[in-house]
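# Understanding the architecture of this molecule
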Amino acid sequence: MSEWWKGAVVYQVYPRSFYDQRGDGIGDLPGITDKLDYIANLGVDAIWMCPFFRSPMKDFGYDVCDFTDVDPQFGSIADFDVLVERAHERGLKVIIDQVNSHCSDQMPWFVESRSSRDNAKADWFIWKDAKPDGSPPNNWQSIFGGPSWTWDTRRRQYYLHNFLASQPDLNIRNTEVQDALIDVARFWLNRGVDGLRLDAVNFYTCDPEFSDNPPNEDQSAVKPYYMQLHEKDINHPDTLAFLRRLRAELDEKPGRFAVAEVFEENPTGRSVDYTNAPDLIHTAYNFSYLYLDGKVTAEELRVPIRIWEEGGKGAWPSWAFSNHDTPRVITRWRGATANESHATLFLGLLIALRGTIFLYQGEELGLPQSDVAFEFLQDPEAITNWPETLGRDGCRTPMPWRANAPFAGFSTSDPWLPVPAAHAERAIDLQEAATGSVLSHARKMLALRKDRLALREGALELLDVDEPFLAFIRRHDSGDILVVLNISDQSAHLPISGTTVVKPLFLTQGVEIGSEQITCPPNAVAWLELG
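Before going into details, it helps to say that this report is about the structure given with it.

As a further point, take the pairing of strand β5 (residues 93–98). A large share of β5 lies buried, amounting to 5 of its 6 residues. Two elements, strand β2 (residues 46–49) and β5, share 4 bridges in a ladder whose sense is parallel. What sits directly across from Ala 46, in β5, is Lys 93.

Given below as structure tokens:
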């Protein structure tokens, strides 16, 4: 495969929480630049940075008020240019978020649009009259709570927002809006950006008739958003026309790519819709594993792989287990019992999967989810729904660089979110000094993925094995690799009669390879070269 992103490992950086070089308690672009050697030494291929654009920060950067400038909290355009240059010097590609579905209500586009019904940008957002009784145009609900419609007294109309009321939805059917968003993409691509992560891509367009969503028969959800089936407010096929325009722009610059975030109940099917054609998006950021919760079994982990391998229709998959919006994976899948062996186990699966891999900062350290007290919460979703949902702050706490430094070496000042003691105990300096740490295992597996074509490019064949095992073979002309994972806290034996193991590539402690079976301790990982 010639495309660099196929099989690549992308390291996700949440800039506010990565490293604070300036000492004000907020991570910044110079801080990311300072730590590029650490990222490169992991063995990843690219970094993806969450939004650093100018913003009032009501949704911490996903409410953009200037798409082509850096927010002063994070630095400057010059700082960004240095970061890209230094990343490229280290062989790292740079991917940035592009937030096309909405912007901040402080964005000049929206300020003009709301000023009257006949200004030049009057149709740049989605405006609708009230019903005769003054209520919103339909029953659509915002993800963050409450109706998706907010009344504006200037225009005497409602505007649509799928997220916060301060994040009005852009009217992407409007070709002038499309032109403006493509200009934004061009601006960053011309500065050396290698890829775009398209935020909330399936929210770009909605039913033009603005029909009500039907109710969800399962009414157990805490938030009204999940009490509806989202048949009308998202996933409209008109989105594809804009994606084709954007893809054409990317194709003008060889080596650039885009990954679409698909937040939806059927992530595989929708991912295929947006990627399964050469004029659409290259791949989609899949939520299948991010939706999994509770003490997962081997079968639950097998299902997303099976669904993709059977229904992917040739589209290229992408996988993530953690990110800035979901609880960290070892806590989500193992709760209070989570430990380093679980972290290595889940990395052993993620890094071995077919597709493009997204590794969230701190995942390589085995960081558990943080328990952020109410008085320290920053996330508007967490504050609104506390204590029923704890929001996103617990996965966004600062990176622990040095165990015994103030604030675990993240900053010299009080950070924007507290650093938990459990994270300082897993700090990078401690793990770099310890053999057998989660970080050392992550580096070994990432090096193998980069070195072995079977892991990077090969096909994936799921094996029919019993609980507690998940096993598959990555097949390639250069040689096949068997991946075996014991998804349990008990020892187990996997028969391998008739399988020729040439040599172990990666084994966690205690795994024994016999001629008839593999003996696996709890949470074991085995990557084996086959003859």
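This part is about the packing of helix α5 (residues 175–189) against helix α6 (residues 239–251). α6 packs onto α5 with a crossing angle of 30° between their chain directions and a minimal axis gap of 10 Å. In terms of their interaxial angle, α5 and α6 are classed as roughly parallel. As α5 packs across α6, the resulting crossing turns out to be right-handed. Only Phe 242, Arg 245, Leu 246, Glu 249 and Leu 250 of α6 make contact with α5, whose side of the interface consists of Thr 175, Gln 178, Asp 179, Leu 181, Ile 182, Ala 185, Arg 186 and Leu 189. Each residue belonging to the contact of α5 with α6 can be placed in one class, and the counts come to 7 nonpolar, 2 polar and 4 charged.

Glancing now at the nonpolar core. Among the nonpolar cores identified, the biggest contains 142 residues, and Tyr 11, Met 49 and Trp 527 are the most heavily contacted of them. In terms of residue count, the dominant contributor to this core is α5 (8 residues).

Let us now look at a nonpolar patch on the surface. Together, Phe 374, Ile 383, Trp 386 and Leu 390 make up a nonpolar patch on the protein surface, roughly 390 Å² of accessible area in all. Inspection of the secondary structure assignment puts Ile 383 in helix α12 (residues 380–385).

Bringing the packing of aromatic side chains into the picture now. If you walk through the whole model with that rule in mind, you get 44 aromatic pairs. Consider the rings of Trp 151 and Tyr 158, whose centres lie 5.1 Å apart with planes at 70°: the pair is edge-to-face. Residue class for Trp 151 comes out partly exposed when judged on its relative accessible area of 35%. Relative accessible area serves as the criterion here: at 9%, Tyr 158 is assigned to the buried category. Pairing Phe 321 with Trp 333 gives two aromatic rings, centres 5.0 Å apart and planes at 55°, and the pair type is tilted. Of this pair, Phe 321 sits in the loop between β12 (316–320) and α10 (329–334) while Trp 333 sits in helix α10, placing them 12 residues apart in sequence. For the pair Phe 321 and Trp 333, a shared accessibility class is recorded, and that class is buried. Connected via pairs of aromatic rings, a cluster forms that spans Trp 48, Phe 144, Phe 163, Phe 203, Phe 263, Tyr 285, Phe 287, Tyr 291 and Phe 358. One cation-aromatic arrangement involves Lys 35 over Tyr 19; the distance from NZ or CZ to the ring centre is 4.5 Å.

The rules we used
Every chain is numbered independently, its residues counted from 1 as its sequence is written. For a predicted model such as this one, the threshold for reporting local features is a pLDDT of at least 70, and the threshold for listing and counting side-chain atom pairs is 80 or more; totals across whole chains, interfaces and linings nevertheless cover every residue. Values shown for side chains rest on all heavy atoms present in the structure; no hydrogens or waters enter the calculation. Accessibility here uses a 1.4 Å probe with only protein chains present; expressed as a share of the type maximum, an area under 20% marks a residue as buried, one over 50% as exposed, and anything in between as partly exposed. Segments assigned H or I by DSSP are reported as helices when at least four residues long, segments assigned E as strands when at least two residues long, and all are numbered from the N terminus. Any two strands between which DSSP finds at least two bridges are classified as paired. Between the N-to-C directions of two axes lies an angle of 0 to 180 degrees, each axis being a line fitted to C-alpha atoms and, for a helix, fitted only over the stretch in contact. Should an angle fall under 35 degrees it is called roughly parallel, over 145 degrees roughly antiparallel, and 65 to 115 degrees roughly perpendicular, with every other angle called oblique. Note: crossing handedness is left-handed where the near helix turns anticlockwise from the far helix by less than a right angle, and right-handed where it turns clockwise. In what follows, a contact means two residues having at least one pair of non-hydrogen atoms within 4.5 Å. Residue type decides the class: Asp, Glu, Lys and Arg count as charged, Ala, Val, Leu, Ile, Met, Phe, Trp, Tyr, Cys and Pro as nonpolar, and the leftover types, Gly among them, as polar. Within this scheme, the nonpolar core is defined by two criteria: the residues are buried Ala, Val, Leu, Ile, Met, Phe, Trp, Tyr or Cys, and they are joined through side-chain atoms within 4.5 Å. Like charges are joined within 9 Å and nonpolar side chains (Val, Leu, Ile, Met, Phe, Trp, Tyr) within 5 Å, but only among residues with over 30% relative accessible area and no salt bridge; these make up the patches. Only the protein chains shown count as cover for residues, and the accessible areas themselves come from Shrake-Rupley with a 1.4 Å probe. Salt bridges are counted wherever a side-chain nitrogen of Lys or Arg sits within 4 Å of a carboxyl oxygen of Asp or Glu. Pairs were defined over the aromatic rings of Phe, Tyr and Trp, the Trp ring being its six-membered one, requiring ring centres within 6.5 Å. Orientation was assigned from the angle between planes: stacked under 30 degrees, edge-to-face over 60, tilted for the rest. Cation placement over rings: the criterion is NZ of Lys or CZ of Arg within 6 Å of the ring centroid and within 35° of the ring normal.

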